[in-house]
There are 2 protein chains.
Amino acid sequence: MLPGVGVFGTGSTARVLVPLLKAEGFEVHALWGRSEEEACCLAKEHGIPFHTSRSDDVLLHQDVDLVCIYIPPSMTRQIAVKALGIGKNVVCEKAATAVDSFKMVTAARYYPQLLSIMGNTLRFLPAFVAMRQLLMEGYVGEMQVCDVRVYGPSLLDQSYGWTCEELMGGGGLHTAGSSIIDLLSYLTGARALRVHGLLRTFVQQNGLIRGIRRVTSDDFCFFQMLMGGTGSSSGGVCCTVTLNFNMPGSFVHEVMVVGSTGRLVARGTELYGQRNGSKGEELLLSDSGWAGPEVKEMPLPYLQGLSSMVKALRQSFQAHEERRSWARGSVAMAPTFEDGLYVQTVVEAVKRSSCSGEWECVEIMSQEPDPNHNLCEALQRNKN
Amino acid sequence: MLPGVGVFGTGSTARVLVPLLKAEGFEVHALWGRSEEEACCLAKEHGIPFHTSRSDDVLLHQDVDLVCIYIPPSMTRQIAVKALGIGKNVVCEKAATAVDSFKMVTAARYYPQLLSIMGNTLRFLPAFVAMRQLLMEGYVGEMQVCDVRVYGPSLLDQSYGWTCEELMGGGGLHTAGSSIIDLLSYLTGARALRVHGLLRTFVQQNGLIRGIRRVTSDDFCFFQMLMGGTGSSSGGVCCTVTLNFNMPGSFVHEVMVVGSTGRLVARGTELYGQRNGSKGEELLLSDSGWAGPEVKEMPLPYLQGLSSMVKALRQSFQAHEERRSWARGSVAMAPTFEDGLYVQTVVEAVKRSSCSGEWECVEIMSQEPDPNHNLCEALQRNKN
């Protein structure tokens, strides 16, 4: 039986998510927006019976068994951790910091019977599902290089907000880079050991963001990841990722994996492959055609990925009679909160590397940093 | 009047060059090959009256006024410097080391009336000539990012040789990377201040190179260059270059420049552009069609670039009565030996960065390193 859903957020993803959920038979019982007005507007549009700007009203809503959190990164941790504590299943977007991600991991570990997945949608895109399958079957031989490019128009909102602020989780690395970091670990089956990166904010002000305000989030980011060796290879897989969001009027989303005997390339939602020795590329998976709504802010790979994830959620819950129970099978490929922590750790290592100019190690947090740590150190220093 | 030409080399470039020279009206009087046999074979094929395996016989040949040197990098310096000393005009490929390049610069400075250019051919490709013109006219606004990708099959020769050896000037960085480094300084009008890079040799042995022999030259190279600031911009242009020569059956040659108001992309020999605000790319320069010979080892951009360079050489010499004189005009865009030293310096800085993991400064040699330097230092140490 399908659980009742509560949705957090009124942004572009939430706007797409609600109709996708309904199309799969989920009932959306409650909607939270930062302002009453925003919530009211979207609730009316989609016939959601209850809306609010108080988060507890959604979390404690008796018909809500699954909470979908698509809100600014800095607010995600609080809602996600609380939702799990109340006993609700959670699908959510990334948090703003590794510390936040770690707190979410702790909560998820504490409630293993609850569903807790990251709403990273690229893993669910059929092209990447097929790509992973082919990689595991040895289509490219031993993996050598992953080369990713995401080019598109500015990620900034119309008005000044979190998308402009690096510390609030804005920027190309945090937004698109996160999805790619997760995807590459899914495709290669390995995690980054060391990273090197370069971030730039080429457009610091525009017609809407001016005066004393400046954009601090990156609009260009370039990073490399050296993945954990698989034993046989000397250095593991090299991943290079180029993100450029100064290209209005275009959208390029290309993920290429090159190996010893061939290569696979996903362009947008299509998958191509070429084995060494063959003359040209073969189309392995063509675009299935998107019947859903076109969304300007959300490129097709993300849109279709989101749609596939909602389908997987439906299958997962349908397998059980009880509306809060779910089967691991169809959502087993979804990124866990642990994956979310890994991704956030890589993002922060890339940022550190951009400052230091050096390769930075990816060290996953194993315990929460003591908030009094700095204070203690200062006291310690004073004593000496 | 066109000068008589002597050609050094019997490799794929020399094989293409000879007919191109003849098509433009140059007479090729002499050919040098490493072995009599190789020289004889190519000379017969193209009706070259004289061939030899002794370099002086070509350099001192009385009908030779222009020497074209397309031989392994480690041999280039010796021939080029000697040719200038004898009073011949020189077109040559890159040397193996910065020290060699510096010696060539010294010789070129000593004989400023002689033509001395690097046979780097991408600058002459019509797509890049047009690209540079459009960049200077402000098509993309303020330049932000250059993004280059060169993918292709292995660069290794059939048998073990210099192409396998990093120290001999083999590898993707030295071969294709050099052309790209030169091209990017031509396009942006700036030089790299700092570089960061990663080199890999994924295929260390193959069916032909085995046993105790291993390939040391890179088949994958990835590097970034921070170009000298133009004053107004904070950090100058960021260039990212990905070279992958583990992709048999494909050839991708893409150079993209992204700026504040638009972008230009050269794909192979074609040029595309898109200004911010327009819906799609426009084709700015289509492929002119290549009537010359197809050469498996030499992709079209290099082939057409070489052809354009030979045309420019013809114009340059035709402008003068005396067969050794030339006009700077039509070859003014050609890379000088100084440019060659810059390129070699960047190549070595990228290699250093791949070892150190750090950003490396590009410091152009201003005097020849003392060969006794290490010895002196050792003596100095012993004294203390």
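Before reading further, recall that the structure is shown in the block above.
Bear in mind the structure is a predicted one, so any value in this text is a computation, not a measurement.

Engineer: Sorry if this is basic, but what is going on with the overall build of chain A here?
Structural biologist: Broken down by element type, chain A carries 11 helices and 15 strands. For 384 residues, the compact-globule estimate of 2.2 N^0.38 gives 21 Å, and chain A sits close to it at 21 Å. Taken along the three principal axes of its C-alpha coordinates, chain A extends 65 × 60 × 45 Å. In chain A, which comprises 384 residues, the share counted as buried stands at 54%. In chain A, the proportion of contacts linking residues at least 24 apart, taken out of those at least 6 apart, comes to 68%. By element, 51% of the accessible surface of chain A is carried by carbon and sulfur atoms, the whole surface being about 16100 Å².

Engineer: What is the right way to look at the sheet that holds strand β14 (residues 282-285) of chain B in this model?
Structural biologist: Paired through backbone hydrogen bonds, the strands of a sheet run either parallel or antiparallel to each other. Residue and element names in this part refer to chain B. Reading across from one edge, β14-β13-β12-β11-β7-β10-β9-β8-β15 is the order of the nine strands in this open sheet, with mixed pairing throughout. The two strands at the open ends of the sheet, each matched to only one other strand, are β14 and β15 (360-361). Across eight bridges, strand β7 (residues 143-151) lies against strand β11 (residues 252-259) in antiparallel orientation. Bridged to Y151 within β11 is V252. Of the strands in this sheet, β7, β11, β12 (262-267), β13 (270-275) and β14 are in contact with helix α6 (residues 126-136), which crosses β12 at around 170°. The strands touched by helix α10 (residues 337-356) within the sheet are β8 (192-200), β9 (220-227) and β15, with β8 carrying the most contacts at an inclination of about 55°.

Engineer: How should the interface of chain B and chain A be read in this particular structure?
Structural biologist: Accessible area lost when the parts come together is the quantity often used to give the size of an interface. Counting from both sides, the interface comprises 36 residues of chain B and, opposite them, 36 residues of chain A. For the pair chain B and chain A, the two sides together bury roughly 3000 Å², of which 58% comes from carbon and sulfur. Taken together, chain B and chain A are joined by two salt bridges. Across the pair R149(B) and E254(A) runs a salt bridge, and its minimum N-O distance is 3.0 Å. For the pair chain B and chain A, the number of links is 15 residue pairs in polar contact (both at pLDDT 80 or more). When residues in the side of chain B that touches chain A are grouped by element, the largest group, five residues, is from β7(B). A class-by-class count of the residues in the side of chain B that touches chain A yields 14 nonpolar, 15 polar and seven charged.

Engineer: How should the packing of helix α1 (residues 12-23) of chain B against helix α2 (residues 36-46) of chain B be read in this particular structure?
Structural biologist: The relative placement of two packed helices comes down to the angle between their axes together with the axis-to-axis distance. All names here are of chain B. Viewed as axis vectors pointing N to C, α1 and α2 meet at an angle of 30°, and their least axial separation amounts to 11 Å. By the angle between their directions, the pair α1 and α2 is classed as roughly parallel. The hand of the α1/α2 crossing is right-handed. Between α1 and α2, the residues in contact are R15, V18, P19 and K22 and L42, E45 and H46, respectively.

Engineer: Just checking my understanding: could you explain the relation of the copies chain B and chain A for this structure?
Structural biologist: Put simply, the second copy of the chain is the first one after a rotation about an axis and a shift along it. With an axial shift of 0.0 Å and an RMSD of 0.0 Å, the rotation relating chain B to chain A amounts to 180°. Expressed as an axis order, the relation between the two copies is that of a two-fold axis. Relative to the rotation axis, the closest C-alpha in chain B is found at E358(B), a distance of 2.7 Å. With an isologous cut-off of 70% or more, the 100% of interface residues of chain B that recur at the interface of chain A puts this contact in the isologous class.

Engineer: So what exactly am I meant to see when it comes to the packing of aromatic side chains here?
Structural biologist: Geometrically, a pair of aromatic rings is defined through the distance of the ring centres and the angle of the planes. For the structure shown, the criterion picks out seven aromatic pairs over all chains. Taken together, a centroid distance of 4.9 Å and an interplanar angle of 5° make the contact between F222(A) and F222(B) stacked. Highlighted residues: F222(A) in strand β9 (residues 220-227) and F222(B) in strand β9, drawn from two different chains. Taken individually, F222(A) and F222(B) each receive the classification buried, so the pair is uniform in this respect. The ring centre of Y272(A) lies 5.0 Å from the NZ or CZ of R267(A), which sits over that ring.

Engineer: Would you mind going over the state of the cysteines with me for this structure?
Structural biologist: By definition, a disulfide is the covalent link that joins the sulfur atoms of two cysteine residues. Considering all chains together, one arrives at zero disulfides over all chains under this definition. Left without a disulfide partner, C92(A) is nearest to the cysteine sulfur of C68(A), which lies 9.6 Å away. According to the relative accessible area criterion, C92(A) is buried, its value standing at 0%. Of the cysteine sulfurs around C238(B), a residue in no disulfide, the closest is that of C239(B), at 7.7 Å.

Rules behind the numbers
- Numbers given to residues run from 1 along each chain, matching the order in which its sequence is written.
- As a convention, the first chain written is A and the first ligand written is 1, with the rest following in written order.
- Two thresholds apply to this predicted model, a pLDDT of at least 70 for residue-level local features and 80 or more for giving and counting side-chain atom pairs, whereas whole-chain, interface and lining totals are computed over all residues.
- Only hydrogens and water are set aside; all other atoms, that is, all heavy atoms of the structure, feed into the side-chain values.
- Here a helix means four or more residues in a row that DSSP labels H or I, a strand means two or more in a row labelled E, and each is numbered from the N terminus.
- With C-alpha atoms as the basis for the radius of gyration, the globule rule is written as 2.2 Å multiplied by the number of residues raised to the power 0.38.
- Each residue is placed in one exposure class: buried if its accessible area under a 1.4 Å probe, protein chains only, is under 20% of its type's maximum, exposed if it is over 50%, and partly exposed if it falls in between.
- Note on contacts: a residue pair qualifies if any of its non-hydrogen atoms lie within 4.5 Å across the two residues.
- Using a 1.4 Å probe, the Shrake-Rupley method yields the accessible areas, and only the shown protein chains count as cover for residues.
- When DSSP finds at least two bridges between two strands, those strands are taken to pair.
- Lines fitted to C-alpha atoms define the axes, with helix axes restricted to the stretch in contact, and inter-axis angles between N-to-C directions lie between 0 and 180 degrees.
- Two parts lose some accessible area (1.4 Å probe) when they are put together, and adding that loss for both gives the buried area.
- Any Lys or Arg side-chain nitrogen located within 4 Å of an Asp or Glu carboxyl oxygen qualifies as a salt bridge.
- As used in this structure description, the phrase polar contact means that two N or O atoms lie within 3.5 Å; if the pair is within protein, one of them must be able to donate a hydrogen and the other to accept it, and residues adjacent in sequence are counted only when both atoms belong to side chains.
- Classes in brief: Ala, Val, Leu, Ile, Met, Phe, Trp, Tyr, Cys and Pro nonpolar; Asp, Glu, Lys and Arg charged; the others, Gly included, polar.
- Here roughly perpendicular refers to angles of 65 to 115 degrees, roughly parallel to angles under 35, roughly antiparallel to angles over 145, and oblique to all remaining angles.
- The handedness criterion is simple: a crossing whose near helix is rotated anticlockwise from the far helix by less than a right angle is left-handed, and one whose near helix is rotated clockwise is right-handed.
- Our superposition of the copies is a least-squares fit, built on the C-alpha atoms of residues whose pLDDT is at least 70 in both.
- Paired rings are identified among Phe, Tyr and Trp, the last through its six-membered ring, by centres lying within 6.5 Å, and are further divided according to the angle between planes into stacked (under 30 degrees), edge-to-face (over 60) and tilted (the rest).
- The criterion is that NZ of a Lys, or CZ of an Arg, lies within 6 Å of the ring centre and within 35 degrees of the ring normal, and then a charge sits over that ring.
- Disulfides are defined as pairs of cysteine sulfur atoms found within 2.5 Å of each other.

Read these as geometric descriptors, not functional statements.
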